[in-house]
Amino acid sequence: MSVINLLSPHVADLIAAGEVVERPASVIKELCENALDAGARNITVEIRGGGSTYIRVTDDGCGMSPEDAGVAFLRHATSKLREARDLEAIATMGFRGEALAAISSVSRITLTTREKGAAEGTLVTLESGDIQDMRPCGCPEGTTMEVRELFYNTPARQKFLKSDRSEASACQNAALRCALAHPEVSFRFIRDGEEPFFSPGDGRQDSCLYALLGRTMVADMLKCTGENDSVSVSGYVSSPSAGRGNRGMQFFFCNGRTIRSQLLQAAVEQAYKNTLLTGRYPACALYLSLSYGSVDVNVHPTKAEVKFSDERKVFDAVYYAVLSALNGEERVSSPAAELPENRVKPREDFYQSMSAEQFRSNGYAAAPAKAPAAQRVAGGSWKPTGLRAPDTPDQARLDLSGSFSRSDSYALARPAGPRLDPSPSFAPKSLDTTAFEAPAGSRIVEKAVQNVEKPTVADHKIVGEAMKTYIIVEKGEELVLIDKHAAHERMIFDRLKAQDRSVMAQALLTPVTIRPGGELAELLEQNAELFTSLGFEIEPFGESEFIVRALPADLREADVEGAIEEICDKLAHGRAPRPEDARDEILHTVACKAAIKAGWDNTVEELERVVEAVLSGAVKYCPHGRPVSAVVTKKELDKLFRRIV
């Protein structure tokens, strides 16, 4: 008896669909890419019920003839390729001819299309990949694709879909990335009758970013341009002072295609080395242009990952372009900032109610920010003076042997942290108090450095602080250098971890509104009980926002958004697979945010608390495993100054 079965075409299509169509967001990505290949200038995406119930993508592209509409849903039917050598230089978004066949096999589809100049259009209805009806109809030029009841015939796939809110956020994110990749195309996204965003389609990167990412995000962006041989880079990167808690706002585009690339991530983050705080990540929207033959997009079913023929060249181009932007510190102006003086600056939500034509005709699209002047060396490749690219993506270094001087604009502009006023009106009532009381009218309540118990230590003397970061302590014939932030972080972590009950929370007079991305919103929903047990009170607020009504007592209000981003990033990357591990990861972040920071001015009493905790042996390492102190003996100092040999 034969045990090898030949699968039917229908079952084979269902299996193939699983590689291309993972969720409703995958459908939006594929249909938008088809619309872009059709030459569309305006694309509208509409969803209902998280996308699993209804998706409609409308474009004004070239449309399809009745003959093409009839075969478009067959597997490996494509207008992008004709022969094998076309794979060597793919210039289109799609090319395999699998997307429409995969989508139609797991849904019910209605296609309405008309070629430019044709007298009538074509209406095609399909169910499970089979054409049910095909007839002439009246319709505008272009194509409209309606996808209903996604995964209706594959219940096993349907049950793995997330909540409608999570799936809708993923759909919005997919459409957003397509819109960011093509500033020359106007995208409009409609979610359950509301319009979260639209892009002007004027071809300007700055106005596209402003319309899609918002005023706050773009206000801290720097113009970025660079070129290395045949690789050119343009776009925007965030200022070092605007680092984020995760990589969720890093967007990379290669020849108009949204991609994921660890190589490009490494290039960007190495350029920020020594300017960005540890644990923070830059935001960016970078557009790479290179020859189609030097990049291979046929390495992943969703075409989200690519391979470069010369990774070194691509890495250098991105690294130096970002480094130039950080050195120039030239910020992009928001479109509203460049309006004539007699024109009222519109609200951010006003852009969402305008059409692409109105946006351009009314003059809201900003002129592009002037790019910092690039330096060129022999051979035409761009390089800043005195710097060289890292030898490998994971081993970056700066060669300071050249004539490189760090200007004030390049230096990290770190805002001064809350400082404790030593005046009597702001002094603690006693060393055992848990908080300093601010003067009347002030909303700031500063936490004193504290520990569970006051340890006993040998005689010592605090000599001072070095660079407002390291406490210098003399103990016998030793000098002890203490990282005050790392030590205080451990003190807070140990105290929070010792609490068996839920962490004490403090209610906010004014709730904080946050806007996490699709993936972060999903994590907040899935880990709601965990956040609650650790002092956070977070609840949905509208379609894409959350409000924070309470936070752990040790956490400052200004740090709440960054802390939540970091916590979600840890949960998303599987660094806390068990509930107890997840709690520890959250406590790490809370302790880090609540601890005193390098650069802050602290009282002698505060420093003494930290010193006693370290010298007693109660604190040896920070929660992340880094040492909190280093010892230099008198003998080592004598050798250093040649007093002994």
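Only a predicted model underlies this, so the values are computations on that prediction, with no experimental measurement involved. (Residues numbered from 1 in each chain as written. Predicted model: local features only at pLDDT ≥ 70, side-chain atom pairs only at ≥ 80, totals over all residues. Heavy atoms only, no water.)

Q: Looking at this structure, I do not really get the overall build of the protein chain. What am I missing?
A: A count of helical and extended segments in the protein chain gives 18 helices and 22 strands. A total of 645 residues make up the protein chain; the buried ones form 48% of that total. Contacts in the protein chain between residues at least 24 apart in sequence constitute 69% of all its contacts with a sequence separation of at least 6. Summed over all atoms, the accessible surface of the protein chain reaches about 31400 Å², with 50% contributed by carbon and sulfur. (Helix = DSSP H or I, 4+ residues; strand = E, 2+ residues; numbered from the N terminus. Buried < 20%, exposed > 50% of the residue type's maximum accessible area, 1.4 Å probe, protein only. Contact = heavy atoms within 4.5 Å. Areas by Shrake-Rupley, 256 points an atom, 1.4 Å probe, with all protein chains shown as cover.)

Q: Help me out: how do you make sense of helix H6 (residues 164–181) in this one?
A: Since there are 3.6 residues in each turn of an α-helix, residues three or four apart along the chain are aligned in direction. Compared with the 26 Å implied by 1.5 Å per residue over 18 residues, the 26 Å span of H6 between its first and last C-alpha is a close match. With 15 of 18 residues buried, H6 lies mostly within the body of the structure. (Expected span 1.5 Å × (residues − 1).)

Q: What am I meant to see in the sheet that holds strand S20 (residues 537–541) here?
A: Working definition: the strands of a sheet are paired by backbone hydrogen bonds and lie parallel or antiparallel to each other. Overall, antiparallel pairing links the three strands, which are arranged S19-S21-S20 in an open sheet. The strands lining the two open edges of the sheet, one partner per strand, are strand S19 (505–514) and S20. Sheet twist, expressed as the mean angle between neighbouring strand axes with direction ignored, is 15°. Alignment of S20 against strand S21 (residues 545–552), held across five bridges, turns out to be antiparallel. Its bridge partner being in S21, Ile-538 is matched across the sheet by Val-548. Running over the sheet, helix H15 (residues 560–572) touches S19, S20 and S21 and is turned about 80° from S19. (Pairing = 2+ DSSP bridges. Axes fitted to C-alpha atoms, helices over the stretch in contact; angles between N-to-C directions.)

Q: What exactly am I supposed to notice about the pairing of strand S1 (residues 42–48) here?
A: Strand residues, when the strand is regular, have side chains that alternate between the two faces of the sheet. For S1 and strand S7 (residues 186–191), the ladder comprises six bridges, and the chain directions are parallel. Each bridged residue has a counterpart across the sheet, and for Val-45 the counterpart in S7 is Phe-189. Note that S1 and strand S2 (residues 54–59) share six bridges and pair antiparallel. Counterpart to Val-45 in the pairing with S2 is Val-57.

Q: What exactly am I supposed to notice about helix H12 (residues 484–497) here?
A: In this model H12 runs 20 Å from its N-terminal to its C-terminal C-alpha over 14 residues, within 8% of the 20 Å that 1.5 Å per residue would give. Judged by how many residues are buried, H12 sits mostly within the fold: eleven of 14 residues are covered. Within H12 the residues assigned to the buried category are Lys-484, His-485, Ala-486, Ala-487, His-488, Glu-489, Met-491, Ile-492, Phe-493, Arg-495 and Leu-496. For H12, the side-chain oxygen to backbone nitrogen distance between the N-cap and His-485 is 3.2 Å, and the N-cap itself is Asp-483. (Polar contact = N/O pair within 3.5 Å; in protein donor to acceptor, adjacent residues only side chain to side chain.)

Q: I'm lost on the packing of aromatic side chains in this one. Help?
A: Two measures describe an aromatic ring pair: the distance that separates the ring centres and the angle between the ring planes. Applying the stated criterion across every chain, the model contains five aromatic pairs. For the ring pair Phe-189 and Phe-197, a centre distance of 5.6 Å and an interplane angle of 5° mean the geometry is stacked. Residues Phe-189 and Phe-197 agree in their burial class; the two are buried. Each ring, one from Phe-253 and one from Tyr-287, has its centre 4.8 Å from the other, and the planes form 25°; the classification is stacked. In this pair, Phe-253 is assigned in strand S11 (residues 250–254) and Tyr-287 in strand S13 (residues 284–289), connecting sequence segments 34 residues apart. Here Phe-253 falls in the buried class, since its relative accessible area comes to 1%. Owing to a relative accessible area of 8%, Tyr-287 belongs among the buried residues under this scheme. The structure contains a cluster of three or more aromatic residues connected by ring pairs, namely Phe-315, Tyr-319 and Tyr-320. Over the face of the ring belonging to Tyr-54 we find Arg-48, whose NZ or CZ atom lies 4.1 Å from the ring centre. (Phe/Tyr/Trp six-rings, centres within 6.5 Å; stacked < 30°, edge-to-face > 60°. Lys NZ or Arg CZ within 6 Å of the ring centre and 35° of its normal.)

Q: Looking at this model, I keep getting lost on the nonpolar core. Mind explaining?
A: Generally speaking, soluble globular proteins have nonpolar side chains that are buried together. Grouped together as the largest cluster of nonpolar side chains are 61 residues, with contacts concentrated most on Ile-28, Ile-43, Val-147 and Leu-180. Residue contributions to this core peak at ten residues, all from H6. In this structure, Val-314, Ala-317, Tyr-319 and Tyr-320 belong to the second largest nonpolar core, which totals 35 residues. (Core = buried A, V, L, I, M, F, W, Y, C linked by side-chain atoms within 4.5 Å.)

Q: Quick question: what am I supposed to make of the pattern of salt bridges here?
A: Note that side chains of opposite charge can pair when their charged atoms are close. Per the counting criterion, the structure on display carries 22 salt bridges. Measuring nitrogen to oxygen at the nearest pair gives 2.7 Å for the salt bridge that ties Asp-316 to Arg-312. Here Asp-316 and its partner Arg-312 are both found in helix H10 (residues 311–328), four residues apart, which amounts to about one turn of the helix. Across the pair Arg-643 and Asp-638 runs a salt bridge, and its minimum N-O distance is 3.7 Å. (Salt bridge = Lys/Arg side-chain N within 4 Å of Asp/Glu carboxyl O.)

Q: Just to check I follow, could you spell out the sheet that holds strand S4 (residues 121–127) for this structure?
A: One open sheet holds the eight strands; their spatial order is S5-S4-S3-S6-S2-S1-S7-S8, and the pairing between them is mixed. Looking at strand neighbours, the two that pair on one side only are strand S5 (130–137) and strand S8 (194–198), the edges of this open sheet. Averaged over all neighbouring strand pairs, the angle between strand axes comes to 10°, with direction disregarded. Where helix H2 (residues 24–37) meets the sheet, its contacts fall on S1, S2, strand S6 (142–148) and S7, and the angle it forms with S1 comes to roughly 160°. H6 rests against S1, S7 and S8 of the sheet, and its axis sits at about 175° to S7.

Q: Just to check I follow, could you spell out unusual backbone geometry for this structure?
A: The bulk of non-glycine residues show a negative phi, and the bulk of peptide bonds are trans. The phi torsion at Ser-128 lies on the positive side, around 55°, for a residue other than glycine. Position of Ser-128 among the secondary structure elements: in the loop between S4 and S5. Overall, the relative accessible area of 17% leaves Ser-128 in the buried class. The phi dihedral of Met-467 falls on the positive side, at around 55°, and the residue is not glycine. Among the structural elements, Met-467 can be located in the loop between strand S16 (461–466) and strand S17 (470–475).

Q: Would you mind going over the packing of helix H9 (residues 262–271) against H10 with me for this structure?
A: In a packed pair of helices, the relevant descriptors are the angle between the two axes and the axis-to-axis distance. Relative to each other, H9 and H10 sit at 35°, their axes nearing to 8 Å. The handedness of the crossing between H9 and H10 comes out as right-handed. Mapping the contact onto sequence places Leu-263, Leu-264, Ala-266, Ala-267, Val-268, Gln-270 and Ala-271 in H9 and Glu-311, Val-314, Phe-315, Val-318, Tyr-319, Val-322, Leu-323 and Leu-326 in H10. For the contact of H9 with H10, the per-class residue count stands at 13 nonpolar, one polar and one charged. (Left-handed = near helix turned anticlockwise from the far one by under 90°. Nonpolar A, V, L, I, M, F, W, Y, C, P; charged D, E, K, R; others polar.)

Q: I would appreciate a short explanation of the side chain of Glu-146 in the present structure.
A: By the secondary structure assignment, Glu-146 is in strand S6. For Glu-146, the side chain forms a polar contact with the side chain of Arg-148, separated by 2.7 Å. Among all residues touching Glu-146, those that are not within four sequence positions of it are Tyr-54, Ile-55, Arg-56, Arg-108, Ile-109 and Thr-110.

Q: Explain the packing of H2 against H6 to me, please; I cannot follow it from the model alone.
A: At a minimum axis distance of 8 Å, the contact between H2 and H6 shows a crossing angle of 20°. As judged from the angle between their axes, H2 and H6 are roughly parallel. Classified by chirality, the crossing of H6 by H2 is right-handed. Within the contact between the two elements, H2 uses Pro-24, Ala-25, Ile-28 and Cys-32 and H6 uses Glu-167, Ala-170, Cys-171, Ala-174, Ala-175 and Cys-178. Here the residues of the contact of H2 with H6 sort into nine nonpolar, no polar and one charged. (Parallel < 35°, antiparallel > 145°, perpendicular 65-115°, else oblique.)

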